[in-house]
Number of protein chains: 10
Amino acid sequence: MLFQVEMDVRVPPDFAPEKLERLKVEEKARCHALMTSGKWRHIWRVAGRYANLSIFDVESPAELHELLSTLPLFALMEIRVAALCHHPSSIRDDDR
Amino acid sequence: MLFQVEMDVRVPPDFAPEKLERLKVEEKARCHALMTSGKWRHIWRVAGRYANLSIFDVESPAELHELLSTLPLFALMEIRVAALCHHPSSIRDDDR
Amino acid sequence: MLFQVEMDVRVPPDFAPEKLERLKVEEKARCHALMTSGKWRHIWRVAGRYANLSIFDVESPAELHELLSTLPLFALMEIRVAALCHHPSSIRDDDR
Amino acid sequence: MLFQVEMDVRVPPDFAPEKLERLKVEEKARCHALMTSGKWRHIWRVAGRYANLSIFDVESPAELHELLSTLPLFALMEIRVAALCHHPSSIRDDDR
Amino acid sequence: MLFQVEMDVRVPPDFAPEKLERLKVEEKARCHALMTSGKWRHIWRVAGRYANLSIFDVESPAELHELLSTLPLFALMEIRVAALCHHPSSIRDDDR
Amino acid sequence: MLFQVEMDVRVPPDFAPEKLERLKVEEKARCHALMTSGKWRHIWRVAGRYANLSIFDVESPAELHELLSTLPLFALMEIRVAALCHHPSSIRDDDR
Amino acid sequence: MLFQVEMDVRVPPDFAPEKLERLKVEEKARCHALMTSGKWRHIWRVAGRYANLSIFDVESPAELHELLSTLPLFALMEIRVAALCHHPSSIRDDDR
Amino acid sequence: MLFQVEMDVRVPPDFAPEKLERLKVEEKARCHALMTSGKWRHIWRVAGRYANLSIFDVESPAELHELLSTLPLFALMEIRVAALCHHPSSIRDDDR
Amino acid sequence: MLFQVEMDVRVPPDFAPEKLERLKVEEKARCHALMTSGKWRHIWRVAGRYANLSIFDVESPAELHELLSTLPLFALMEIRVAALCHHPSSIRDDDR
Amino acid sequence: MLFQVEMDVRVPPDFAPEKLERLKVEEKARCHALMTSGKWRHIWRVAGRYANLSIFDVESPAELHELLSTLPLFALMEIRVAALCHHPSSIRDDDR
C-alpha cells in the first residue's frame, strides 16, 4: 500500500555541522537502500525548501513508522503522512 | 519538469447531481488522455477524502495552468501546487 | 490495520430536513453493519460537536476509502485520517 | 468517562540523550501501570510521527489532568484533549 | 465537573428572520432553565461578536453533549469545548 | 468589567528548575492575593495542558495589563484576552 | 477606555444590491453619529479590502458590544476586538 | 510606491455564467488600461489557481484602494496586500 | 500616508536582562522622538500582551521600513503591517 | 519560466553578529550576480519585515532550488515558492 509522506527538515542554526553532515550521509545511504528495495518508491525535492515529497510502498502503517522513525534525520523532521489508494481515473495499475 | 498538485473537490450540497455526474465523466476522460500523453504522470486517491495527489510532467508552469484550469471540475477544486525537482538521494533518474 | 478517522458533519442550514433524517437513518444502519463486521471498530461522539472520533480496522487504505466515501453523509463531512500502528507502550496486543 | 488525548512529543535537538532515555523508560512503565489499571484504555502510535492517539477512562477532568501532567515526558509534549461520549450509532456499550 | 464552552453563532444572511427570532426566544428560555438548574453555570457575551463564553457544570461529557446538541441554535453554532478542573492556585472551592 | 484570559505556560526544557519553582510559588501567592481582592475572579486548570482559563474583574484594560504583565510567569506565557459583558440570557446579575 | 476593532465585511455574491446600498447608507450615518459623539474615535479603510481598522472609546465592553452589534452591517461582518491601554512610550496623554 | 497584491477569485458554483463572462471582459479591459498607465505594473497568473500576483505602482494607499475596490471582480476576490520598497541588494533602480 | 503596525515582542527566556533593559530604554527614546516628529502617530499597548498597535504617518513604505527596521527591539519583534487610507465614513479629515 | 519566491529571514537572537554580517555581505554579492545574470529578476523589501518578495527567471525548478539552497542565508530562511505564468490580461510580453 502507498503513503504520501512530506518531510520538512528543520536544522537549528547552532546544530553541529559535522554531526549534520554525518547524518546526511547516513540518510542518503538509507534512502538508497530503501529505494532499491522498493519501499521508498519516489522521493522528489520540493523546490526552494529543505523538504521532500515521498511515496512509500509498505505492508502496513507499522512498517511505515519503522522506516520513518529510524531515519537518521528523523529527530529534525516535521512529517505529514496521508494514506493513498488507486484512483479510479488512473491508468497506472501499479499506483495501488 | 514535475509539479506536485493536490486537488480537493468541494461539491456544494445543492449542486445538480446530473451536472456533477457529467463533469465527473468528462474529468475521467480528460485524466485518461493526459495520463496517456504522459502529462499527468501519477494520480492517487487520498484515502477518506474527495481529493487526489497528482504529479504532472509539463514543459512549463504555463502548460500546467492550462491543463489544470481547463479540467471539467476545476471550478469546484481547491488546488495546491509545488514545483518538484530531482532529489540527490533518488535512484530514479527519471524523477527529474 | 487501524486508521484514526475524525468526521465533522457540516449541514447547511437550508438542507432539506427530511433528506437529512433519511441520510441519518441510513448512516446509522451502515455504521451498525460495519461495526458488527469489525471494520468500524470504535465510534465515539465528540462532546459538543456534530462530530465523531472513529477507529477503522481495514485491509488497506483502498478499503478505508471505499467504506468512508460510500457513507450516506459523506458529502456533508469534513474528514481527517491518520494511519495508526501498535504503540511500544501498549499492553493491548490487538491494538495493532 | 472517556477522553481523546493526542500527544506530540517535541524533543529539542540538544536535549541530553541519557535524560531522554530515562524519561522514555519511566514513561513506558507509567503507561503500562495506567493501562493495567484501565485508566489509559488505548494508546496507538501515529504512523510517521513521534506522537500517539490515546483514550483515557477517568472519573473526572481533574483525574485526567493529574495523570497527564505527571507523565515523565509531559514537559516535552504538546497535548490536545477532547471529551468523548457514547455515539448513538455505536454497538459497543462500553464505549461510554 | 466543569466544561469551558465557546459558542460562535453564524447566521447565513438569507436565514428567515422570523425563524431566527423564534429560535432566539427558545434559546433564551432554555438557557434560563439550565442556569436555574445550575447546569449552565456562567454565560458571558464576548464583546463585539455574536458569541458567548459559557461554563457548564454537568455529570459527564454525555450530559454536556445532550444539553448543547439540543439547543435551538445548535445547528447555527461553531462550538469549542475544553474540560476544566480545579486550579491549585484557586481559592474558590466550588470551582471544581 | 470582566475579561476572559487564557494563559498557556511554555517552559523551555532547559529552564532552570529552581528558578521555575520560585516563580511558581510567587505566582500562586500573587494569584491568591488577587483572587482575595476580587480582581482575579475565577481560575480553572484546562485539563491536560499547563494552561488556565481565568476571568478577571477590573476597572479598565490598563488595570488588566498591569496585573497580567507583572505576573511572575508572564515572560513564559502566551496570553489571549477577550472582553466580556453581561449576556442577555444570563440570570446572574453579577456576571457583568 | 479604548478598543481596537477590525471589521471585515463579507457580502455574499447573491445579496440583494438594494438592501446592501440601504445598509451602507445607514451604516455611514451611524458611524458619523458615533464619531461625532466621540465613541467611534478613529476609522481607517484597510487598503485593498472591504475592511476597516477602528478605535472605539467607550465606558465598558458592554457599551462596545451594544454599539457594534447594532451596526446595520453587523450580520455581514467578521469582527476582531482587542482591549487597548496607554503605552508607556506614548507621548499622547489622551491615548488612554 | 509599490504594493504586492495577491488576488484569489472565488466564484460560487451557482454564479450566473453570463454575468461572470461580462465581469471578466470588463476586468481585462480595466487591467489593460491600468497597465498601460503604469499603475498596474505587473500581473502574473499563479499556476494552478484562479489567482494572480500583481505589483501596483501608485501614489498612495488611497489610490491603491480606489483601483482595487472598483475592479469588476472585486466582490469575488480575496485580496492580500503588502507594501514594498527598494531592496538594498536590488540592482534595479526603478524597483522603488 | 498611514500604516497600521502591530508589534509582538518575543523575548527568549535566556535573553540577557541587562541587554533587554538597555534596548527598552533606547526603544522608548526612539519612540518619543518619532512621536514628537509626527511619524509615529499613535501607539497603544494591547492589554495582556507584550505587544502594541501603532499608526505610522510616513512618506512611503521605504520610510516605514527604515523606521521599523532600525528600532532597537526590531530583532525581537514579530511585525504585521497594513496600509490604511481615509474611510468614506470618517469625519476626521486628517485620518488620511 | 518565472517563480514567485517569498523569503522571511529568521535570525535567532543569540546568532553570532559577525557571522550574520559576513553572511549578509555574501548574500548581497550573490544577489547582485544573479540579478545581473537575469536569474533573479526582481527583489523587493517587504516594508516592516526582514523579508523580501522576489521573482526568479530560471530554466527549471531544479535550477531554482540550486540558486535558493546555496544562498548564504538559506539556513535562516523560511521560503514560500509559487510557479507563475503569463496572465491573459498582462500587456507585458516578457512577464512569461
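What comes next concerns the included structure. Remember, it's a predicted structure, so these values are computed and weren't measured experimentally.

## So, the sheet that holds strand β4 (residues 77-86) of chain B
Then comes step 1: Pairing in this closed barrel of 8 strands is antiparallel, and the strands run β1(A)-β3(A)-β2(A)-β4(B)-β1(B)-β3(B)-β2(B)-β4(A) around the ring. Each adjacent strand pair in this sheet contributes to an overall mean axis angle of 35 degrees, direction not counted.
Then comes step 2: Inspection of the sheet shows strand β2 (residues 40-46) of chain B paired to strand β3 (residues 51-57) of chain B by 5 bridges, in the antiparallel sense. In the sheet register, W44 of chain B faces β3 of chain B, and the bridge partner there is L53 of chain B.
Then comes step 3: Contacting β1 (2-9), β3 and β4 of chain B, helix α2 (residues 61-69) of chain B runs over the sheet at an angle of about 25 degrees to β1 of chain B.
Then comes step 4: Taken strand by strand, helix α2 (residues 61-69) of chain J contacts β2 (40-46) of chain A together with β4 of chain B, and its axis lies near 75 degrees from that of β4 of chain B.

## Remarks on a negative patch on the surface
Then comes step 1: On the surface, a cluster of negative charge is made up of D14 of chain A, D14 of chain D, D14 of chain F, D14 of chain I together with D14 of chain J.
Then comes step 2: Take D14 of chain D: it is sitting in the loop between β1 (2-9) and α1 (17-37).

## Considering the interface of chain B and chain C
Then comes step 1: Across the contact, 7 residues belong to chain B and 10 residues belong to chain C.
Then comes step 2: Regarding the contact of chain B and chain C, the summed buried area is about 650 Å², with carbon and sulfur atoms giving 67% of it.
Then comes step 3: Among the residues chain B hides against chain C, the three largest losses belong to P13, A47 and G48 of chain B. Together they make up 70% of the total.
Then comes step 4: Of the residues belonging to the side of chain B that touches chain C, the class tally is 4 nonpolar, 1 polar and 2 charged.

## Digging into the interface of chain G and chain I
Then comes step 1: Across the boundary between the two partners, chain G contributes 31 residues, which contact 31 residues of chain I.
Then comes step 2: For the pairing of chain G and chain I, the buried interface totals around 2800 Å² over both sides, and the portion due to carbon and sulfur atoms is 62%.
Then comes step 3: For chain G, the biggest contributors to the area lost against chain I are W44, R45 and H87 of chain G; these three give 22% of the whole.
Then comes step 4: Our count for the contact surface shared by chain G and chain I stands at 0 salt bridges.
Then comes step 5: Remark: the boundary between chain G and chain I carries 13 residue pairs in polar contact (both at pLDDT 80 or more).
Then comes step 6: The element best represented in the side of chain G that touches chain I is strand β2 (residues 40-46) of chain G, accounting for 6 residues.

## Some thoughts on the pattern of salt bridges
Then comes step 1: For the structure shown, the criterion picks out 92 salt bridges over all chains.
Then comes step 2: Taking the shortest distance from any N to any O, the salt bridge between E26 of chain A and R22 of chain A comes out at 3.3 Å. Highlighted residues: E26 of chain A and R22 of chain A, both in helix α1 (residues 17-37), separated by 4 residues, approximately one helical turn.
Then comes step 3: Relative accessible area serves as the criterion here: at 46%, R22 of chain A is assigned to the partly exposed category.
Then comes step 4: For E21 of chain F, the salt bridge goes to K24 of chain F, with nearest N and O atoms at 4.0 Å.

## Details of the relation of the copies chain G and chain I
Then comes step 1: The transformation that overlays chain G on chain I combines an axial shift of 0.0 Å with a rotation of 180 degrees, and the residual RMSD is 0.0 Å. These values place the two chain copies in the arrangement generated by a two-fold rotation axis.
Then comes step 2: A symmetric contact is evident, with 100% of the interface residues of chain G recurring at the interface of chain I.

## Comments concerning the pairing of strand β4 (residues 77-86) of chain F
Then comes step 1: Where strand β2 (residues 40-46) of chain E meets β4 of chain F, 3 bridges bridge the pair, whose relative direction is antiparallel. Within β4 of chain F, the position partnered with R45 of chain E by the bridge is C85 of chain F.
Then comes step 2: Where strand β1 (residues 2-9) of chain F lies against β4 of chain F, 8 bridges are found, and the strand directions are antiparallel. What sits directly across from F3 of chain F, in β4 of chain F, is A83 of chain F.

About the criteria used
- Residues numbered from 1 in each chain as written.
- Chains lettered and ligands numbered in written order.
- Predicted model: local features only at pLDDT ≥ 70, side-chain atom pairs only at ≥ 80, totals over all residues.
- Heavy atoms only, no water.
- Pairing = 2+ DSSP bridges.
- Helix = DSSP H or I, 4+ residues; strand = E, 2+ residues; numbered from the N terminus.
- Axes fitted to C-alpha atoms, helices over the stretch in contact; angles between N-to-C directions.
- Contact = heavy atoms within 4.5 Å.
- Patch = residues over 30% accessible without salt bridge, like charges linked within 9 Å, V, L, I, M, F, W, Y side chains within 5 Å.
- Areas by Shrake-Rupley, 256 points an atom, 1.4 Å probe, with all protein chains shown as cover.
- Salt bridge = Lys/Arg side-chain N within 4 Å of Asp/Glu carboxyl O.
- Lys, Arg positive; Asp, Glu negative; His and termini not counted.
- Charge placed at Lys NZ, Arg CZ, Asp CG, Glu CD.
- Buried area = accessible area lost by both parts, 1.4 Å probe.
- Nonpolar A, V, L, I, M, F, W, Y, C, P; charged D, E, K, R; others polar.
- Polar contact = N/O pair within 3.5 Å; in protein donor to acceptor, adjacent residues only side chain to side chain.
- Buried < 20%, exposed > 50% of the residue type's maximum accessible area, 1.4 Å probe, protein only.
- Least-squares fit on C-alpha atoms with pLDDT ≥ 70 in both.

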